[in-house]
Amino acid sequence: MDRLPRGRHGLSAEFVARNQRDRLIAALILTLADVGYQKTTVSMIGRRAAVSKSDFYKHFDSKDECFLAAYDFAVERMRAAVVDGCAAAGSAEWARRVQAGVIALLGLLAEEPALAAIVLAEGLRAGRGIYDRYQAAVESFVPLLREGAPDGPGGQPVPAATDEAVVGGVASLLSRRVIAGERADLSGLVPDVVEFVLTPHLGTEAARRIISAG
């Protein structure tokens, strides 16, 4: 997020406020990735964003409130990546759209490890309220998976609870990797994640054929 020019710039107060708020959110995400939630302070966020402490408190009552805004921003970036990835597959079959969504998500997290850190690591360390938000974020991806999904290999609909468990399992896997400091390697998980996600609907062999076909 770019800083505003110094001195008189003719920008509206609303634009300045929005720019400051966006910079504070970006600064918190980057600072968390560097030093973690507990060590991050309002002063550190403000310095990184080039926003005074007094202006920080015009936007947020506390570090925690800024964290919530940053967390929600990061989750929306992740969700948008999945939606855009699926959309880019166009009229392809469901499995191909899911595969494209997984590739887009893991690519985003590998390219922007600070986003991965706030959602998949720091969000689990910041207290019960944030953990509930994490669970809600995970569950919000389930409808994206189920949209247009075929029945299971036996011809029976796959229960929503199964897809909830699958999405939760993917989130748990990614969290473990991020916490272990393996954020740059997330793109390498694409084949395993795609197989895991597709298998309840297609069966193992069909899921592997999708992956091997690229």
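In what follows, the accompanying structure is described. What you see is a predicted model, and the numbers here were worked out from it, not measured in a lab.

1. Quick look at the packing of helix H6 (residues 113-120) against helix H9 (residues 160-179)
Move 1: Contact pair H6 / H9: the axes reach a minimum separation of 9 Å and the direction vectors enclose 115°. Seen along the crossing, H6 lies across H9 with a hand that is left-handed. Across the interface between the two elements, Ala-116, Ala-117 and Leu-120 of H6 pack against Ala-171, Leu-174, Ser-175, Val-178 and Ile-179 of H9.
Move 2: Its residues assigned to classes, the contact of H6 with H9 shows seven nonpolar, one polar and no charged.

2. Let's talk about the environment of Ala-95
Move 1: With respect to the helices and strands, Ala-95 occurs in helix H5 (residues 94-111).
Move 2: Sequence-wise, Ala-95 and Val-197 are 102 residues apart; in three dimensions their C-alpha atoms are separated by 9.3 Å.
Move 3: Sequence-distant contacts of Ala-95, defined by excluding residues within four places in its chain, comprise Leu-198, Leu-202 and Ile-210.

3. Some remarks on the side chain of Asp-55
Move 1: The topology assignment puts Asp-55 in helix H3 (residues 53-59).
Move 2: Given the relative accessible area of 16%, Asp-55 is considered buried.
Move 3: Here Gln-20 takes part through its side chain, which lies 3.5 Å from a polar atom of the side chain of Asp-55.

4. With respect to the packing of helix H1 (residues 13-35) against helix H4 (residues 63-88)
Move 1: Where H1 contacts H4, the two axes come as close as 9 Å, and the packing angle between them is 90°. One way to sum up the angle between H1 and H4 is to call them roughly perpendicular. Seen from H1, the contacting residues are Arg-21, Leu-24, Ile-25, Leu-28, Ile-29 and Leu-32; seen from H4, they are Lys-63, Cys-66, Phe-67, Ala-69, Ala-70 and Phe-73.
Move 2: When grouped by side-chain class, the residues that make up the contact of H1 with H4 number 10 nonpolar, no polar and two charged.

So, how was this worked out
Residues numbered from 1 in each chain as written. Predicted model: local features only at pLDDT ≥ 70, side-chain atom pairs only at ≥ 80, totals over all residues. Heavy atoms only, no water. Axes fitted to C-alpha atoms, helices over the stretch in contact; angles between N-to-C directions. Helix = DSSP H or I, 4+ residues; strand = E, 2+ residues; numbered from the N terminus. Left-handed = near helix turned anticlockwise from the far one by under 90°. Contact = heavy atoms within 4.5 Å. Nonpolar A, V, L, I, M, F, W, Y, C, P; charged D, E, K, R; others polar. Buried < 20%, exposed > 50% of the residue type's maximum accessible area, 1.4 Å probe, protein only. Polar contact = N/O pair within 3.5 Å; in protein donor to acceptor, adjacent residues only side chain to side chain. Parallel < 35°, antiparallel > 145°, perpendicular 65-115°, else oblique.

So, to be careful, I would describe these as geometric facts and stop short of saying anything about function.
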